[in-house]
Amino acid sequence: MTEDYISIQKFTRDRARQVLLQALNAELQSMGKNLYDFQLSHLLTSDSTTRVIPKEVQDEMNLSISEDDLRSPALLNPEQAIAYDEILDAVLNRKAKSFFIDGPGGTGKTFLYRALLAQVRSQHLIALATASSGVAASILPNGRTAHSRFQIPINADGKLCCSISKQSGLAALIKQAILIIWDEASMAKKETIEALDWLLRDLTEDDILFGGKVVVLGGDFRQVLPVIPKGTKIDCMNASLVRSYLWQSLIKFKLKENMRAKTDPAFSRYILQVGNGLEEENEVGEIKLPSSLILEPNTQLPPLEQLIQFVFPSFDLHRLDPLSLTTSAILTPKNQAVDEINEVMIGKFPGKEHTYLSFDETSDPTQQGLYIDFLNSVTPQGMPSHCLNLKKNSPILLLRNINPSQGLCNGTRLICKEFRSHLIVAQIAVGERKGATVFIPRIPLQPNDPQHYPVQFTRRQFPIRACFAMTINKAQGQTLATVGIYLPQPVFAHGQLYVTLSRATTAAKIRVQMAPNIKALKDITLASKNFTVQAIVVEKNIPRMSSSGTSLYQRIMLQDKEENRMQATVFGYDIKVFETSLKLYHTYSITNPTVRLTPEMFRFLENKNQLGINARTPVEEIEIDGLTMRTMKYNFTPITSLQQIKEANPRLDVLFVILNVGPRKFINNSYVVDVRITDQSLQPSVLSLWDHFSEYEAPAMANLPGSFPVVIGLRLKTSKYYGCTLATRNSSSFIFDVVLPEAITLQSWTIANTAKLRELATTEPEYLLMPKGPENPEDDAIKIANLPISVDKGQIALPVLHKLAELKECSITLKANMNSYAGINQLRFTVHSISIDNSTETTDRSEPLLALPPNTPNKRSKKGHNDSTASASTPTTETTEETNPTESSLPTQETPASPNQNK
Ligand SMILES: Nc1ncnc2c1ncn2[C@@H]1O[C@H](COP(=O)(O)OP(=O)(O)OP(=O)(O)O)[C@@H](O)[C@H]1O
């Protein structure tokens, strides 16, 4: 480098060496070090030592000032002018005064700061511009977040200390600053502003307020206050600047005239009423928005689509000036809705889609394979999604402070220009550096709330998201030409609602899409009209043909926040529509579904009604606190407990591992597939998939990926005939998605126990229920107490056995046969003879001693088939569903409701 100075600048060798050392020192100072730290200071001549100007100071001195800002003092309104004059007087005359500019949104606080910054900087004095958020900082010339400028630790509690070395270039810059502006100080926790006070006292070695420097804090306490997780409004207030020792010492100026909505005074007055809490509230603290601001209900369009059309009526308008896209936005309280809207908008935006997939890496490499799918499916708060879909000229928002000095802060809005494999070329869309071309790299990111995830992980992705929509907090401080407010859930009127309303310039350019009339599932009746349910999809069956073979249907189970459940059905082509937009364990808002009575044989829930969802039903994915897959609770029955089930009509939820899926067999007019299963006990069992379960679920189980897939079976029954095996019933359902924590644990257990499972799957199992032999070999009596006994219903009626129990002298002789079923051997007992009062009679299949039940199982099962297609009012007994499928008795399987019944 010295050679360059010599050859190009024609410096002498000594001069070149000194210039190089100065440049090196300036770079080191910007990193909090200097030549002294590296024992190189002796190389500097005394002349150089005094002339070294840190890079931070040089950068700040060389700022260009916009002509508009230089002219703005002349445009100030009277309120702004009073504040401007007094602050400038304090700055120029070195008066130790600090100020607070209090003004509702749009009253020109930022305009005033810009005028002050331009005036001070034009006199070659240093004025530092900072703000609580990256977005607000990016609007100020050479603005930085206060946290990065003053090195205030983030997320720390209690008293905070700035970590700036006194020798650093940054310390030199702050010492030389004659004016410090901190916008949106109302959003900052009081400790962070107090930390600035201590820092300035320390650097100036002057123990007076802010070390005697002129500090201008500004903000609006009607907008968003400091965020206290799960805190009340009082907690937020207590954390704010007004509760700090600093507050009393600040000179306050109030700005009242709304300059943003100046052309619409009525709207401007209305916003102020909301901000000041003067709008009339109902008993639960809600305010009524003027109907002119609310979108008219439209039965044809989902609510969100309607709002999108208002804010982005056509992308053609933006073709010539892509930067203008960022002047309109949809604002909503939660990130989930933001992501959903952005996804829809990217789909609509013209051009070729470019997708970047993240690389998600678990901290423990052994868990990578197990969790990868799950991690790819989540988007932690403040992180980009795994699958980032972008298009050229689409607007994006930066999610991290990449390079604040280049205007790349958390919240900066940009326009995508070019997609390269390792970086995105973008153009800054707002603020001081509007139009500048910048490069966004992929970076490693970790969730802020790792406790919410089953594993620790890092996502390597571009720290951006599309920004057609953004959270209300990110919009604070911005002026937007057209604003859509999407409120799937209520918001604080004086905070978030006020922030969103005050982004607009006129009432005509803002529309609100309101929270729907949400009904609990248990309250839905046939008379329910105009309602929305918010529920998580807890089951989604494989689509299947109705028994008549004329239509396809799919059953879905929904569960709401109060854990009420309700069935829903989708028919025909509509199933395809909801293939990806109605996913298992995702939460949805479903508006105006139809309500029908569930045919009796399909009912197993308290609510006798079911919902009908079709392609015209507005369905939107939403995020509701406390309504996630993680809240799902199952009471799984272990396979070893099946023998102990005493309940006559159990509905068992079983989490199992598939060992193998047998062939489809036709037995007594019904199809069945036997699936050999087990769980962590390694006890094998059989699950018989009857009728349409053999047609749809059996192939799905056979095709599941992995050697030993894990499945959840819901509402299964025990097969009484075989005691420890399971079978499907009408209401049964299966979940193949193993995202549930218990299922993930079992799946990882299968990996560790593959050898044992392989052995179990390939060898013939031992007798499962072989009773112990007689204690005395002479005695043929076998003690069968505590053994599951199945009594062949075809030979003797159970009620008769109960009667027998009342008789004094009674003995029953049982015949024991060994049966083999799906490779599992079991003892089967049938009644051989019954002795009452010493007279023994032998039972006979053709001439039974005791009365048979009125219908044989075969007949009843046939009736069940017929009933399923009969009208819902035809009673169908619960026993129909309960009939055990055996080789000698037909299974009673559910036949789907005819579509006509459901529609
Ligand atoms: N004296 C003025 N003359 C002309 N335009 C002004 C004046 N004061 C403010 N404005 C304009 O009014 C709009 C709102 O001003 P500004 O953004 O400064 O308000 P704010 O109080 O900072 O708002 P917020 O609290 O929402 O951040 C801007 O478009 C700004 O340029």
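Given the structure is predicted, the values throughout are model-derived calculations rather than measurements.

Criteria and thresholds
- Chains are numbered independently. Their residues run from 1 in the order of the written sequence.
- Per-residue local features of the predicted model are confined to residues with pLDDT of at least 70, and side-chain atom pairs are confined, for both listing and counting, to 80 or more; whole-chain, interface and lining totals are unaffected and use all residues.
- Hydrogens are left out, water is left out, and the side-chain values use all remaining heavy atoms of the structure.
- A run of H or I in DSSP becomes a helix once it reaches four residues, and a run of E becomes a strand once it reaches two; helices and strands are each numbered from the N terminus.
- Helix span, expected: 1.5 Å multiplied by one less than the number of residues in the helix.
- Throughout, exposure labels follow a simple rule: accessible area from a 1.4 Å probe, protein chains only, divided by the maximum for the residue type, with under 20% read as buried, over 50% as exposed, and the rest as partly exposed.
- We call a residue near a molecule or strand whenever a single non-hydrogen atom of that residue lies within 4 Å of it.
- Polar contact criterion, stated in full: a pair of N or O atoms within 3.5 Å, where within protein one must be able to donate a hydrogen and the other to accept it, and residues adjacent in sequence count only if both atoms are side-chain atoms.
- What sets the accessible areas is the Shrake-Rupley method with a 1.4 Å probe; for residues, cover comes only from the shown protein chains.
- Residues are sorted three ways: Asp, Glu, Lys and Arg are charged, Ala, Val, Leu, Ile, Met, Phe, Trp, Tyr, Cys and Pro are nonpolar, and all the rest, Gly among them, are polar.
- Following DSSP output, two strands are said to pair if at least two bridges run between them.
- A pairing counts as a salt bridge when a side-chain nitrogen of Lys or Arg comes within 4 Å of a carboxyl oxygen of Asp or Glu.
- The criterion used for residue contact is that any of the two residues' heavy atoms lie within 4.5 Å.
- Axes, fitted as lines to C-alpha atoms, cover a helix only where it is in contact. Angles between the N-to-C directions of the axes lie from 0 to 180 degrees.
- Per-residue confidence from the prediction method is given by pLDDT, with values spanning 0 to 100.
- Crossing handedness: left-handed means the near helix sits turned counterclockwise from the far one by under a right angle, and right-handed means the same turn made clockwise.
- Only buried residues count toward a nonpolar core, which is a set of Ala, Val, Leu, Ile, Met, Phe, Trp, Tyr and Cys residues joined through side-chain atoms within 4.5 Å.

Turning next to helix H11 (residues 190-204). Over its 15 residues, H11 runs 21 Å from end to end, which matches the ideal 21 Å to within 8%, given 1.5 Å per residue. Taken across its 15 residues, H11 has 11 buried, putting it largely inside the fold. Within the span of H11, buried status applies to Lys190, Thr192, Ile193, Glu194, Ala195, Leu196, Asp197, Leu199, Leu200, Arg201 and Leu203. Just past H11, the residue Glu205 takes up positive phi, approximately 55°.

All right, on to the site of the ligand then. In the region of the ligand, 17 residues are neighbours, and Gly106, Lys109, Thr110, Phe111 and Arg503 sit closest. With respect to the ligand, the backbone of Leu75 contributes an N or O atom lying 3.0 Å from a nitrogen atom. Arg260 has a polar side-chain atom sitting 2.9 Å from an oxygen atom of the ligand. When the ligand sits alone it has 630 Å² of accessible area, and the protein chains cover 79% of it. It is helix H7 (residues 109-121) that contributes the most residues to the shell around the ligand, three residues altogether. Among the residues forming the shell around the ligand, the class breakdown is five nonpolar, nine polar and three charged.

With that settled, consider the pairing of strand E23 (residues 552-560). Consecutive side chains along a regular strand alternate between the two faces of the sheet. In terms of burial, E23 is a largely internal element, eight of the nine residues being buried. Direction of pairing for strand E21 (residues 532-540) relative to E23: antiparallel, over a ladder of five bridges. Directly across from Ala535, in E23, lies its bridge partner Asp560. Note: strand E22 (residues 544-545) against E23, two bridges, orientation antiparallel. Looking at E23, one finds that Arg544 is bridged to Tyr553. Here E22 hands over to E23 after six residues, with Gly549 in that stretch at a positive phi of 75°. Where E23 lies against strand E24 (residues 565-571), seven bridges are found, and the strand directions are antiparallel. The partner of Leu558 across the bridge, within E24, is Met566. In textbook terms, the turn of a hairpin is the stretch between consecutive antiparallel strands, and for E23 and E24 this stretch comprises four residues, one of which, Glu563, has a positive phi near 65°.

The subject of this paragraph is the pattern of salt bridges. Counted according to the given criterion, the structure contains 20 salt bridges. The closest approach of N and O atoms between Asp360 and Arg459, which form a salt bridge, is 2.8 Å. Here Asp360 is found in strand E9 (residues 359-362), whereas its partner Arg459 is found in strand E16 (residues 457-461), with 99 residues between them in sequence. For the pair Asp360 and Arg459, one class covers both residues: buried. Where Asp523 meets Lys522, a salt bridge forms, and the shortest distance between an N and an O atom there is 3.4 Å. A residue is classified by how much of its surface remains accessible, and Asp523, at 40% relative accessible area, is partly exposed. Ionic contacts of the salt-bridge type, sharing partners, join the residues Glu60, Arg121 and Arg149 into one network.

So, about the sheet that holds strand E1 (residues 98-102). Judged by pairing direction, the sheet is parallel, and its six strands sit side by side in the order E3-E2-E4-E5-E1-E6 without closing on themselves. Each edge of the open sheet carries a strand with a single partner, namely strand E3 (144-145) and strand E6 (251-254). Along the sheet, H11 contacts strand E4 (177-183) and strand E5 (214-219); its crossing angle with E4, the most-contacted strand, is approximately 175°.

This brings us to the pairing of E24. Counting buried positions over the seven residues of E24 gives six, a clear majority of the element. With three bridges joining them, E24 and strand E27 (residues 609-612) adopt parallel strand pairing. Note on E27: the bridge partner recorded for Ala568 is Leu611.

Time to look at the confidence of the model for the protein chain. In the predicted model, the protein chain carries a mean pLDDT of 78, and 78% of its residues have values of at least 70. Low pLDDT, under 50, characterises residues 777-800; the stretch is placed with 42 contacts to residues that sit more than four places away or in other chains. Between residues 843-903, whose pLDDT stays under 50, and residues either more than four places distant or in other chains, the model counts 136 contacts. Confidence estimates for the predicted assembly give a pTM of 0.55 and an ipTM of 0.99.

One way to put it is that helix H6 (residues 78-92) packs onto H7 with a least axis distance of 10 Å and a crossing angle of 35°. Between H6 and H7 lies a crossing of right-handed hand. Residues Gln80, Ala83, Tyr84, Ile87, Leu88 and Val91 of H6 form the contact with H7, whose own contacting residues are Phe111, Leu112, Ala115, Leu116, Gln119 and Val120.

Attention now moves to the nonpolar core. By size, the foremost hydrophobic cluster in this structure holds 44 residues, and its most contacted members are Leu558 and Leu611. Contributions of two or more residues to this core are made by E21, E23, E24, strand E25 (587-591), strand E29 (652-667), strand E32 (710-719), helix H23 (741-752) and helix H24 (754-762). Among the elements that make up this core, the one with the highest residue count is E21 (five residues). Apart from residues lying up to four places away in sequence, Leu558 is in contact with Leu521, Ala535, Ile536, Val537, Val538, Asn564, Arg565, Met566, Ala568, Ile590 and Leu611.

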